[in-house]
Amino acid sequence: MKLIHNRYKKPSKKLLTVIILLILLNLFLGIYYLTLKTPKPYNSSQSFLIHQCQKVPLRNEPFLNSDRYTCYLNALDTSLKQQGLIETSKVINNYLSSGEDVQFQGACHDFAHTFGETAVSLGYRGSDLLNYCINSCVVGCFHGVGHGYISRKYSFDEINKFCNPADYKGDPLKIAACFHGVGHGIVDVLGSDINQNLKNCSQINTEVGKSECSHGVFMTTSSYMIPAKISLPSDILAFCSNQDKPFQGYCYEFAGFLTYIKSENLAKAGEVCTKVPDKNRNGCFVKFGEIVYISNKTKPPAYLVTPCKDITEDRDKLSCADGISASILADGNKSPEESLLICSSLSSNIVSDCYIKLGDKIAELRGKTLRDNLCSSLSNPYKEACLGT
């Protein structure tokens, strides 16, 4: 019997070379894929260079329409997609706290709103957004989260689980802010019928959530400033008194504002604010001050404050001045120094009280660093009042 030997033929050098190249190619592709999928910590050599945006020159245009603001939005979009929610939030929080770009600080709330909406569009869960959305800019990011949810879902089916998830144990103010954003979204996406929009808010399962949703509804409805676009009740005070309790407070606060939209008469708007419940009176006159600013924003501060000086009670004058100052500080196209001139234009017996409120407002809207710089330009006793010392 002959033994049969299996003869093994060695592969050619050419075939070995091809095999080795295929192995190396697969290894390279695998590493490249992991590089794309793995978020990297931020550093200045990477594509998200938000600090460079402040170098983009500003022209004679509204900041929100400028190339510089577009740069910030592009940097945000790039970072959220490449670096992820947590790293992007860290970088932007640090940048905002540095106060490097004063104009950007004025657009902070709008930018934060966009942050929240963009993060929702990328599929982040409600609890992740509540934990890691940027915490600067007067909870604007959480407003954007709620707004973004309605814009994408067009329904209330899961809104309670999204804005108030069972696995979130953090600051309840963030939950409230999310529901506030939902109110914004309802008007922008579903229309400006106040009655129907408040019915949508009633589907929220907490009293605070319902109230904040109504706040967003009234705020966005008021921002249209065009009566033809809004279905307004003939008697706004009666309308507010007939609302469910969670909706009454903000309805009364916006009663003067809505009256102005309907009548285009500042005197009527101010008169309505004197008739709301006392606990809502301050809010109503603050909104009155916002109307004054919106309808006369090109005028100098001394002119803007005139309707406030015409109000009878000092407490209402201060609330009105507070609304004008807050509007100036929130307007990225205005110099924050103009807010100081609002207080100095009031009668001497309430100037110090005005600066006390203004100092707190600057710190809230633009940060303590700017508050300290602006208030330090005043002479005492107004400097101390503004700084809160």
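Just above sits the structure.
Residues numbered from 1 in each chain as written. Predicted model: local features only at pLDDT ≥ 70, side-chain atom pairs only at ≥ 80, totals over all residues. Heavy atoms only, no water.

Turning our eyes to something else, we now look at the environment of D235. Mapping D235 onto the fold places it in the loop between α11 (207-223) and α12 (236-241). Residues D235 and A255, spaced 20 residues apart in sequence, show a C-alpha to C-alpha distance of 9.7 Å. Within polar-contact distance, the side chain of D235 engages the backbone nitrogen of L237 at 3.3 Å. (Helix = DSSP H or I, 4+ residues; strand = E, 2+ residues; numbered from the N terminus. Polar contact = N/O pair within 3.5 Å; in protein donor to acceptor, adjacent residues only side chain to side chain.)

Before going further, it helps to spend a moment on the nonpolar core. F115, V182, F218 and Y355 are the most contacted members of the largest nonpolar core, which totals 101 residues. Sorting elements by how many residues they give to this core places helix α9 (residues 172-190) first, with 7 residues. Ignoring any residue separated from it by four or fewer positions in sequence, one finds F218 in contact with I194, L198, F239, F247, Y250, C251, F254 and L258. (Core = buried A, V, L, I, M, F, W, Y, C linked by side-chain atoms within 4.5 Å. Buried < 20%, exposed > 50% of the residue type's maximum accessible area, 1.4 Å probe, protein only. Contact = heavy atoms within 4.5 Å.)

Following the criterion strictly, the structure yields 10 disulfides and no others. For C133, the disulfide goes to C141, at an S-S distance of 1.8 Å. When the S-S torsion is -65°, as for the bridge of C133 with C141, the disulfide is left-handed. For the pair C133 and C141, one class covers both residues: buried. A disulfide bridge connects C201 with C213, and the sulfur atoms are separated by 2.1 Å. Sign of the S-S torsion, about -70° for the bond between C201 and C213, identifies this disulfide as left-handed. (Disulfide = S-S within 2.5 Å.)

What follows concerns the pattern of salt bridges. Where side chains of opposite charge bring their charged atoms close, a pairing between them can arise. Evaluation of the coordinates by the stated rule reveals 19 salt bridges. Among the salt bridges present, the one from R315 reaches D278, with a minimum N-O distance of 3.0 Å. Note that R315 is positioned in helix α19 (residues 314-330) and D278 in helix α16 (residues 278-295), a separation of 37 residues in sequence. For R315, a relative accessible area of 39% corresponds to the partly exposed category. Owing to a relative accessible area of 51%, D278 belongs among the exposed residues under this scheme. The partner of K287 in a salt bridge is E290, with the nearest N and O atoms 3.3 Å apart. (Salt bridge = Lys/Arg side-chain N within 4 Å of Asp/Glu carboxyl O.)

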